[in-house]
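Chain by chain, the residues run as shown.
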Amino acid sequence: MLSYQHAYHAGNLADVHKHALLATALARLTEKPKPLNYIETHAGRGLYDLASAEVRKTGEAAQGIARAEAAGWLAPQHPLGAALAAVRAHHGAGCYPGSPLIAAHFLRPGDSAHLAELHPAEHAALAQVARFARLHAEDGFAVANALIPPTPRRGMLLIDPSYEIKADYDRLPGWIARMAHKWNVGVIALWYPILQDSRHRPMAESLAAAHPGALRSEVRFPPARPGHGMVGSGMFVINPPFGLADEAARLATLFATL
Ligand SMILES: C[S@@+](CC[C@H](N)C(=O)[O-])C[C@H]1O[C@@H](n2cnc3c(N)ncnc32)[C@H](O)[C@@H]1O
């Protein structure tokens, strides 16, 4: 059963953190003229309308991307700033890109992309905007497992689950260890929520112990609503591209001002 819909949360502070790191990683990876593979296990619908009833209902984008841009967090030359400008120029000023369209901004004609999205309505919406990629209406973990290691071997995997199944926290460290073993040069990025009740912590600590060279970027922010459980955002990146740790440090400083 899939009940999570990212439309309510698009452009929130967790998206700003996740997408700033994703865009920075892809900007670095595409500096070299060698082809790469981009794989996503949980793609979402790819494009969100910030004027939609869902976005307005939660107000999370107003506290997220709107606030970040107003405070000057994303200069035009920042990779996420550049991706946002390109997507707005194409799809309209009131939209916000999901991770697939951020990736599309950086991918070049010789690169390949595979996006998995299981929810039928989200998948149908994704198909309208992600013609650059091979789409999979299947379980993203199974899709990635079948594709990894890709050819050519350069590339990035983004794992962005909705954590509707509590068992995700338990199974992710083992699953990621298997992917990292099969694809030792792949950039493997996992997003996770920082939760008031610390449910995420055993997973994050187990990942950090298993992958000592990885980047663990965690930022905190006020809950979107009083009593809301999510109080921050985490990205765990195995084989982080050069410069990603600097961006993580910059984001940590900015989020600390909230
Ligand atoms: C957090 S959202 C993705 C947001 C997107 N990565 C972004 O940053 O714009 C998670 C998505 O995963 C989808 N989903 C849930 N379980 C899935 C599974 N097992 N395989 C593929 N997609 C799944 C949900 O329908 C939802 O659209």
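Thresholds, definitions, all that
- Residues numbered from 1 in each chain as written.
- Predicted model: local features only at pLDDT ≥ 70, side-chain atom pairs only at ≥ 80, totals over all residues.
- Heavy atoms only, no water.
- Helix = DSSP H or I, 4+ residues; strand = E, 2+ residues; numbered from the N terminus.
- Rg over C-alpha atoms; globule rule 2.2 N^0.38 Å.
- Buried < 20%, exposed > 50% of the residue type's maximum accessible area, 1.4 Å probe, protein only.
- Contact = heavy atoms within 4.5 Å.
- Areas by Shrake-Rupley, 256 points an atom, 1.4 Å probe, with all protein chains shown as cover.
- Lys, Arg positive; Asp, Glu negative; His and termini not counted.
- Charge placed at Lys NZ, Arg CZ, Asp CG, Glu CD.
- Near = heavy atom within 4 Å.
- Polar contact = N/O pair within 3.5 Å; in protein donor to acceptor, adjacent residues only side chain to side chain.
- Axes fitted to C-alpha atoms, helices over the stretch in contact; angles between N-to-C directions.
- Parallel < 35°, antiparallel > 145°, perpendicular 65-115°, else oblique.
- Left-handed = near helix turned anticlockwise from the far one by under 90°.
- Nonpolar A, V, L, I, M, F, W, Y, C, P; charged D, E, K, R; others polar.

Caption draft 1: Here's a closer look at the overall build of the protein chain. Scanning the protein chain from terminus to terminus reveals 10 helices and 9 strands. Here the C-alpha radius of gyration of the protein chain, 17 Å, is about what a compact globule of 258 residues would show, namely 18 Å. When its C-alpha atoms are laid out on the principal axes, the protein chain stretches across 40 × 40 × 40 Å. Burial analysis of the protein chain (258 residues in total) assigns 52% to the buried set. Pairs at least 24 residues apart make up 75% of the contacts formed inside the protein chain by residues separated by at least 6 positions. When the accessible surface of the protein chain is summed, it comes to about 11300 Å², and 56% of that surface belongs to carbon and sulfur atoms. Averaging the positions of the 24 positive and the 21 negative side-chain charges in the protein chain gives two centres separated by 3 Å.

Caption draft 2: Representation of helix α5 (residues 99–106) within the structure. Extensive coverage of α5 is indicated by the burial of 6 of its 8 residues. Within the span of α5, buried status applies to Ser99, Pro100, Leu101, Ile102, Ala103 and Phe106.

Caption draft 3: Representation of the side chain of His200. Tracing the sequence through the fold places His200 in the loop between β7 (187–195) and α9 (201–210). The exposure class assigned to His200 is buried, which follows from its relative accessible area of 2%. Setting aside residues no more than four positions away along its own chain, His200 makes contact with Tyr169, Tyr192, Pro193, Ile194 and Leu195.

Caption draft 4: Quick look at the site of the ligand. Around the ligand there are 20 residues in total, and His19, Glu117, Asp139, Gly140 and Asp160 lie nearest to it. Lys18 is positioned with one of its side-chain polar atoms (N or O) 3.1 Å from an oxygen atom of the ligand. Glu40 is positioned with one of its side-chain polar atoms (N or O) 3.5 Å from a nitrogen atom of the ligand. Protein contact buries 95% of the 610 Å² of open area that the ligand shows by itself.

Caption draft 5: A look at the packing of helix α7 (residues 140–147) against helix α8 (residues 167–182). Here α7 crosses α8 at 15 degrees, and the two axes come no closer than 10 Å. Between α7 and α8, the angle falls in the class roughly parallel. Seen from above, α7 lies across α8 with left-handed handedness. Residues Phe141, Ala144 and Asn145 of α7 touch α8, and the partners they reach there are Asp168, Arg171, Leu172, Trp175, Met179 and Lys182. Looking at the contact of α7 with α8, its residues break down into 5 nonpolar, 1 polar and 3 charged.

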